[in-house]
Structures are given as structure tokens and as C-alpha cells.
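Observations on chain architecture
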Amino acid sequence: MVGLGVLAVVICVCVAPLYTQVAMTAGLQEALSATPGNASISIISQDDLPFWDSLQPVTDSFSRYSLASIRSNLDDSKQQMVTEATALPVYLHAPLAKNSKPSLDQISLEGTDMVAVKSGKHVSLIQGRLPDAHLKAYTDPDSTIEIALPANTASTMHMAVGSQFYTQVATASPTDSKKATRHIIPIKIVGIFRDMDGKDLFWHGDSLGKSSLSTSPSGPFVYKAVVSNEELVSTFSRFISQADKPSQNPVVFPDDNIAPVQQPAYPLVNPLNVTWYYSLDVHTISNNQLNSLLLQLHEFQYRRYPTDSMLLAYGLTKIHTFAPIDSLTNYQKQLAISQVPALSLVIMIFCLLLYFVALMANLLVERQAPALAIVRSRGGSRGQIFGALMAQGTAVSLLALLAGLILAIPITAWLGYMQLPATDYVAISTVLSNWVRTSLSVSGYALLTVAVVLLALMIAIYQATALDVLALRREAGRSTRRPLWLRFRLDLIAVIIMSVGFGVSIYLTNSNTLDPHLRLALLSPLVMARAVCTIIAALLLFLRFFPYLLDWGSRWATQRNRGASSMLALAQLARSPRQSLRMALLFALATAFALFALILGASQFQRASDVATNAVGADFSGTFFNQPDATTMSDQIHAYSQLKGVQGVTVGYVDKLNLGEQQAYVNFQAVDADTYKNVVYWPADNASQPLPTLMAQLAQGRTSEDHDQWVPALIDQAMASNYHLGLGSTFSLSATGDGINLIPFKVTTIVKYMPATATPDSVLVDLRAYQKLYDKLVNTVGSQPLSINQIWLRTTDDATSLAQIRHELLNGDQLQLAAFNDRRQLTENLRREPLYIQLIGILALGPLVALLLVMMGSLIASWLQARDRLVNFAIMRALGATPRNIASILAWEQAIVYAIAILLGAIFGALLSWMVVPSLVFTSSPGQQTSLDEFYLAQSIPPVQIIVPTLLGVGLAILIVVCVLALSMILRVISRPSLAGTLRINED
């Protein structure tokens, strides 16, 4: 039985860190895959002497030298070189033809590896074919370049497969750029492909769509076309003299005798952009490699020698290297914050399991105490007994160690498949593929567990072998040994430590001594330590006074004549409370941890919804394509209100405005007070007054004569604190963001925080009240009308209506938005975020571990206790007690122990949740581009809610069922043996 307990503990202590590693690896891989730039290393340059056979040694040299430090983490199959000729003029007829003029549009030729495009199916052809990867000879007279166009571009340019237009490039002497030679290039369209969404990593986030050269929706535009690298480079090289051709030989580093390229005679006026992309092998990078990966990227980013040498050898200019250092550093810092609650939970599980194992070891030895005493009485030495039992315990523990290390890996994989989304399954194989390495990575936890088991066995065996039969019977009659913690007054020491730690943590977390980021990093450990010390001190104090309470209870039951069963039960507990105290302690700690884990899990689940609601402000929020005039506000509200499923619409103007003459910007929102109150999710405890009252105060600025000199404003506590503002204070904001055109405001209300803003320091006003002073002070001649740029929608939960709304906001003809946020989708994204799932997975282990400990501990201890007291019960029956009387005594004993344990567990669980949950709840980044400051702020804004789940009642019911099962087992054990067989005196 103890071996099974050790096995279960080893599995649990190994699964927790392994699952954490899997989840963190999934988070790292997701962070690398979030945007094309996060998993891509790029070397960007310009080449005004492009020759294909000169670019090849450049590519080889970059791979060999510049990327040597990070080669092990690259995916060689995704290495890519792209070329680009930008801002080329477009001629619909040959430039030398009569009356031929360039159009206002321009075109960029995007050179790429056509073999990779065809094999990887990175475009979907509608008509024609893709350009051939044709490498022209230098003497080839044909300058035609084949291209493929996106469908939208072909439609706008009125082009089809087989159409042709022209462009031109120029070469000139660097000393006399006015005398340029222009070279005509025919452009032939050979294919048209479907428009892309920019999500294909092959195109590095580029959708190849057109972009406007002006603010007019009708153009002119810059179009993009796909061309092969070989044809683009070899065509442009024909216009350059062979005498200017760079070296074709590979560069060997280090080499101090590199011959620099001579000043070219006639280079390209507009150089080609040449970029080399190298992709990280995302699916092979684990979280353990993050630190070394960052070091490698730093070395690549700032090691300039190879790229400078490339500049000398091949004439490349404006070389820049880019690596995802910032995004990975931000993720690393976010990971540090997320690991605090995860590590805290793992430590709590670990300590609880160790206590359980130590308790089981003690029970094992105590069960054999009578046999050991007999052996001692018959001449057996303590060393012989100690060696035999330690050999037995060591063998069992080592078998449990090996089996636990082996079983932990498939159990971790199963947990990962249950918790993680399918897109993150690759992280499971990344971490667990090498069984030997994985087992060794958590072997320290398993060895520590086994060491604690063996230490507990050693102590228990040493104490047990000190007793002979006489001493054992005397100790069984009434325990005289005082626990170690009681002899050294460790409870009083814990109270002192708790008091000092409580004061230090309060000072560090509430004062300005620490940097805000450091204070956030230390907040969870300090609060956790404070709570644990408080609970340990309270528990030890309770244990100190528990025997006195039992004595008082026994006397009270005797005096009040409450019945023999209750009196005998209390007397038995008071006479020998040690085993009952240990079981009550295990039961209480397991109950407290289960309640804490359930509350933390429910609060963590609710946190995703709270953060998404605060980030969006409503069900949908977005920005307009063409910002309409504020005077059309009613028309905009009416148009969007016609969408099926929309329950409310409000619009406003959102910007960052300069605070008076200070070099500081605040979040500014001017909204329609009439509709804002019905659309935006406003926390009930965010202000002393409800939202309709606040909006009515802001709307008074539309008509009141007192408000002709200032606009009523609502600000958050951060702005009030940072700029020393209070109710009735006035301040000014620059309406145009340049420090002039100041508009005065007066504070009417201060709220805790402002929904739909990522950072603090926020101002909320009524749009019409603001427009009144805006027109008076800024738009005096009507040339700068106030516009609206933001919209919020409140909708139903109907799936069909939501799908239609999303379609209209994304692709609608009249109601399309430039960008929009979806509260429901953001909530789901946050709940699928690996760092969030990591915490949820560990939280799922908490109640399961606690339930396992309660069931195993209660059943084993109850069985052993009943077996040890069989003789006592038989004597009571011989003296006239009925089986019902004995059952009643046992029921009273167990009821007292379980009631005290559940009560203590509930109190400690509630105390732990109240003290710790607000600081342990982790908030994932609301968006992929969330800055580090916004991530830190999101941990506390909006405030964390402590949620009591409905599963709490189910958990308590399970605990009660376990208690009933334990009591039933005891009754079954004492009812089976015969009275004569139990009382028969053996030869000892």
C-alpha cells in the first residue's frame, strides 16, 4: 500500500513540471508563429550592381559565417532569397511611342523562388501560369519580364493574361546622375492568381495587394506583381557594364585582405532590394532553449564583421540584420510572470504529496511496532531490525521511483492532448520525444520525493525500535511523547515569522520602494509566503490547544450526561490524539487545497472574459475606414442598428491627446452619452454612481451655460493621482495634438479605471458637449470639423446573427470597418493561450491530487486504526457493550475528526483564496502585439474577481462520501473477527 502511495506521489511530482514544460513550449512556439517576423531572421540589403552569379556566393557566405551561431535552430528547407524592384513607372504603351506618358500608378516587381512557389502551392492560379525561373544570358537581347498578378490588381489595371505594358529603369554615373541612361522593359502578364490574406508565412505577411499613393479611394496605386528571381536579376544585369561586375568568388573569414569593390561606372539609379530570410525551426525549439536562443540571436544581430566584409567584397549597401529579439524578450518576461502562480501550485502539490508519503511511512512502521517490540524483547538488536526494514522500504521506494518516471511521460502526454488545442500538439512531441532526457529532467523531483520517504522511514523505524513490549504497551495506554514542534515551540516561532513577513510584504507591495515591474514579479511570491505562514501558524496553534479542547469536551459530555458513546469517543481521542491529529491535518490540508484550486480555477476562467470585455468595451468595437463627420453620428448609429442581432450601437472619437503644455499624452474618448450607457459593459463597482447617472452629468455640457467655458469630464484614478487632479479640478487638452488649440475640461467624476483602454490616464466626455467647445475654439471657420473614428456594438448571442455581423464588419459593402475587435472571439483566444492552459492544467491536478490523498489516506488510516484496536473492541464487547454501542463510539470518533478536518479545511481554503487568488490569477496578453507595459497593467486592470464555483458543493459532497466509506470500512473490520479469536492470548 505504501509502495502504491509512493508511486502515485512520484507520478504527480513528475507530471506537474513536465506538463508545465509542455505548455510553456507550446506558448513559445505559438509566440514564434504569431507573426512572420517572430520566426524569421532577415538580412536586408540594396544592390545597384545585381548579377546572379555574384549573389550566389553572398548567399553561401551568409549561411556559413553570419548565421554560424544560430545554425542549429534554423530550418534549412525554408531559406529564401527575395528581390524587389520598387516604384517602377507604368506605361500602357512603349515609352518611345508618340504621346506615351507614364500613368500615375506604379508597380513593384516582387522576385521570389518560383520553384518553391509552385511546389508549395503558395498561390492559387485562376488563369494562365506562373512565370518561369528563366536565367537570361548577358547577351540576350530580350528584356521582357513575365509576371503574375493578383486578381484584384488585374481587375483594377484592366489587364488579362497575355496583356503587356512597359516600365523602365535607369543607370547613371555616380559623379553625374543627371546623365542617366534609361532602359525599357516590356512586362508580360502570364498568370492571374487569387487574392491572398497575408497569412502564408512564405510571403512574410505580405498579401501582394495594391496600396494607395494618396488618401483618395480611387488611387493612384502601387501594384505588386510576382516575378522569378532569376529573370528579374538577369534582366537588370544586362544594363550594367561587365567591367562593373562584382566578385564571383566566395569570401573566406577572417581575411584582412579583402579587396573592396571599385567605384562602379554606371550602377542602377534605383538599386534592387535583396533580402535573405532564414526561418527558425519552430517545432524543434523547446522552452528550455529560450535563453540560449536569445543569446544566439543577440550574437547574430550585433556581430557586424561578416556583413561589413560582405559590403566590401560584393558592393552591397545599406545592410541591416533583423532578428525577433524584442518579441522573444517580451515573451520571456511574460513567462516569468506566468510561472509564479504555476510554480506556487506545483510547490503546494509537492509539499502536500510529501506530507502524505511521510504519513504513510509512519503508518507502515507503526503497524509493525508490536512485532518489532517482540523481536526486541527476544534479543534482536536495533541495528538488525533497522537494516531489515530500511532494506524493505528502500526496495519499494526504488521500484516506485523507476515506475513513476516511466509512467509520468505517457500521463503527461495524455494531459497535454486533453488540455491543449490540436495546433499545439507538436509541443508534446518536442518535449517528450526523448524519453531518457525527459526522465532525467524530472528525476530530481522524484529523487527528492524518495529521499523524503526514506528519511521518514528512518525516523519512524528509529523511534519504533527503541520500544520493547512493556514500553510499547505503556505508550499505547496513554501517549507520553510530545511532538518535536511542540517541544521546540515551533508554532510560536511560526507566529513571529508570520507577523514579520506579513509586515515586510505589506510594505514592499504597497510602497514605492520597488520598481512597478519588480513589484509585480515579487507580489505573488510575497503574498503566497504570507498566506502559507499564516495558515501554518494558525494550524500549529490549533494543534497545541486541540488536546485541551478534547479534555474539555470529554468533561463536558460527562457532566451533561450526553451519553456513553460521545463521552468514550472524546476520552479516547484525548487519551491518544496523535493518529487522529495526523489524519485530521492531512484531511484539512487536502480539503483546503482542493477548495483553493477550485476557486482559483474558476477565477482564472472568469479572468479571460473580464479581460476581453475590458479590452473591447462591448461585444464589438472597431474603427471606421473613412472617418465620418461627427454631425453624421445619428446616421451611423442608425445604419449599424439595422444589422440583425444588434441590440445597441454607439460611436465616438478616440485618440491620444497632449495634456496642456506638458509632454504627456492621455487616452481621450468622446462618446455619445445617450447610447454609450446602453452598449458598453461598465463594471458596477467602477464608480460610486451608476453609468446612466454619470452619462447624464456629461451630457449636461451640451446645453448648460456654465459649460461654455469647459467640458465636463470623467477621469480614472491613475490620471487623478499622476496629475494631482480632484473633483472640480480643471485641465486642458490639445485638440490637434500639437500643444495648441487647448480645450478646457472640468473633472466631474473619478472612476477606478476606464473600459476599452489598454493603458491608464484616461478621459471620457460627451461627444456633443466636446464638439460644442471644439467648434468654438478650434473649428472656427469650419475647415477642421470633428470626426468620429470608433464604434461599439452590443449584440445577441445567436450564432447565425453573429456570423452575419462579423461578415458585414469584415467584408460588407457599406458597413465594413478598417479593423474590429470581437469580445467573444478574444475570450476564446485567451482561453486557448498556452500559458493560460498551463495554469488550468495544473489547477486540474490540484483537486484530483487532493481527492486522491483524502481517499487513500482516510481509507488506509481507518483500516489500520480499526485493525490496531480490535482487541480493545473485543474487551468492550466482553464487558457487555453491544456491536451497536461500539459502532456508535466509532461514529462519534470519526465524525469529530472529519468535522474538525472539513471545518479547518474550509476555513484555511477560504483564507488562502482571499489572500492569494487576486495575486495568482494570470492574465494572458489581450492581443499578439500587446506591449510589455500593457501586459503588466493587464494583470490588475480590471480587478481580479474571486469566483466561488458550483463545483465546490460537489467537492464537499465527495469528501462526505469518502468519510462515510472510511467509517463503513472500520465497522466492517471490527465486525468480522470472532470475539474468542480476538481475545485469545498468544504465547507472547
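Just so it is clear, the model here is predicted, and its values are computed rather than measured. (Residues numbered from 1 in each chain as written. Predicted model: local features only at pLDDT ≥ 70, side-chain atom pairs only at ≥ 80, totals over all residues. Heavy atoms only, no water.)

**Quick look at the overall build of the protein chain**
- Looking only at helices and strands, the protein chain has 32 helices and 20 strands in total.
- Across the protein chain, every contact between residues at least 6 apart in sequence was considered, and the portion connecting residues at least 24 apart equals 81%.
- With the model as given, the accessible surface of the protein chain reaches about 45,600 Å², and the carbon-plus-sulfur share is 58%. (Helix = DSSP H or I, 4+ residues; strand = E, 2+ residues; numbered from the N terminus. Contact = heavy atoms within 4.5 Å. Areas by Shrake-Rupley, 256 points an atom, 1.4 Å probe, with all protein chains shown as cover.)

**Some remarks on helix α11 (residues 425–432)**
- Along α11, the positions that sit buried rather than exposed are A427, I428, T430, V431 and L432. Down the axis of α11, the sector holding all buried residues measures 170°, keeping them to one side. (Buried < 20%, exposed > 50% of the residue type's maximum accessible area, 1.4 Å probe, protein only. Arc of directions from axis to C-beta.)

**Re the environment of A395**
- Counting through the fold element by element, A395 comes out in helix α10 (residues 382–419).
- Taking relative accessible area as the criterion, A395 reaches 38% and is therefore assigned partly exposed.

**Focus: the side chain of N686**
- Checked against the element boundaries, N686 lands in the loop between α21 (673–679) and α22 (691–699).
- A distance of 2.8 Å separates a polar side-chain atom of N686 from the backbone oxygen of Y753.
- Once residues within four sequence positions are removed from consideration, N686 is found in contact with V751, K752, Y753 and P755. (Polar contact = N/O pair within 3.5 Å; in protein donor to acceptor, adjacent residues only side chain to side chain.)

**Observations regarding helix α26 (residues 823–831)**
- Here α26 has its buried residues at R823, R824, L826, T827, L830 and R831. Along the axis of α26, the buried positions cluster into a sector of 165°, meaning they face one direction only.
- N-capping of α26 is provided by D822, with a side-chain oxygen placed 3.1 Å from the backbone N of R824.

**Some remarks on the packing of aromatic side chains**
- In this structure the tally under the stated criterion is 13 aromatic pairs.
- Centroid distance F202 to W203: 5.1 Å. Interplanar angle 85°. Geometry classified as edge-to-face.
- Here W203 falls in the buried class, since its relative accessible area comes to 9%.
- Judged by centre distance (6.1 Å) and plane angle (50°), the ring pair of F620 and F820 falls under tilted. Here the residue F620 occupies a position in strand β12 (residues 620–624), and F820 occupies one in strand β20 (residues 817–822), the gap between them amounting to 200 residues.
- Here F620 falls in the buried class, since its relative accessible area comes to 0%.
- Clustering of aromatic rings is evident, with ring pairs tying together Y653, F668, F731, F745, Y770 and Y774.
- Directly above the aromatic system of F221 lies the positively charged group of K210, at a separation of 4.4 Å from the ring centroid.
- Taking the ring centre of Y681 as reference, the NZ or CZ of R794 above it sits at 4.0 Å. (Phe/Tyr/Trp six-rings, centres within 6.5 Å; stacked < 30°, edge-to-face > 60°. Lys NZ or Arg CZ within 6 Å of the ring centre and 35° of its normal.)

**Section: the nonpolar core**
- Formed by 82 residues in total, the largest nonpolar core has its most connected members in C14, L432, L457, F596 and V916.
- Per element, the largest residue contribution to this core is 15 residues, and it comes from helix α8 (residues 325–367).
- When near neighbours in sequence (up to four residues on either side) are disregarded, V916 contacts V527, M528, A531 and F596.
- Counting residues in hydrophobic clusters, the runner-up holds 63 residues, among them A154, M157, L272 and A323. (Core = buried A, V, L, I, M, F, W, Y, C linked by side-chain atoms within 4.5 Å.)

**Focus: the environment of Q419**
- Mapping Q419 onto the fold places it in helix α10.
- Its relative accessible area of 26% is what places Q419 among the partly exposed residues.
- For the pair Q419 and R832, spaced 413 residues apart in sequence, the C-alpha separation works out to 9.1 Å.

**Quick look at the pattern of salt bridges**
- This structure, assessed with the given rule, holds twelve salt bridges.
- For K224, the salt bridge identified is with D206, shortest N-O distance 2.8 Å. Here K224 is found in strand β9 (residues 221–228), whereas its partner D206 is found in the loop between β7 (176–193) and β8 (211–212), with 18 residues between them in sequence.
- Linked through salt bridges whose partners overlap, the residues forming this network are K118, R129, D132 and E146. (Salt bridge = Lys/Arg side-chain N within 4 Å of Asp/Glu carboxyl O.)

**Details of a nonpolar patch on the surface**
- Together, L407, I411, W414 and M418 give the surface a local cluster of nonpolar side chains, amounting to about 420 Å² of exposed area.
- Relative to the helices and strands, I411 is located in helix α10. (Patch = residues over 30% accessible without salt bridge, like charges linked within 9 Å, V, L, I, M, F, W, Y side chains within 5 Å.)

**With respect to the environment of L297**
- Structurally, L297 is set in helix α6 (residues 290–302).
- Taking the C-alpha atoms as reference, L297 lies 7.8 Å from P324; in sequence the two are 27 residues apart.
- Excluding its chain neighbours within four sequence positions, the residues that come into contact with L297 are I41, I70, A323, P324, I325 and L328.

**Quick look at unusual backbone geometry**
- The backbone of A87 sits at a positive phi, close to 55°, despite the residue not being glycine.
- With phi around 60°, H158 is a residue other than glycine that occupies positive phi space.
- Within the secondary structure layout, H158 lies in the loop between α4 (151–157) and β6 (164–173).
- Residue classification places H158 among the exposed positions, given a relative accessible area of 72%.

**Here's the deal with the pairing of strand β19 (residues 790–795)**
- Within β19, six of the six residues are buried, which leaves the element mostly enclosed by the surrounding structure.
- Residues of β19 alternate between two faces, with Q790, W792 and R794 on one and I791, L793 and T795 on the opposite face, all of them buried.
- Pairing analysis gives four bridges linking β12 to β19, with the strands arranged antiparallel. Bridge pairing in β19 links F620 to L793.
- Pairing geometry for strand β13 (residues 646–659) and β19, over six bridges, is antiparallel. Paired with G652 across the strands is Q790, a residue of β19. (Pairing = 2+ DSSP bridges.)

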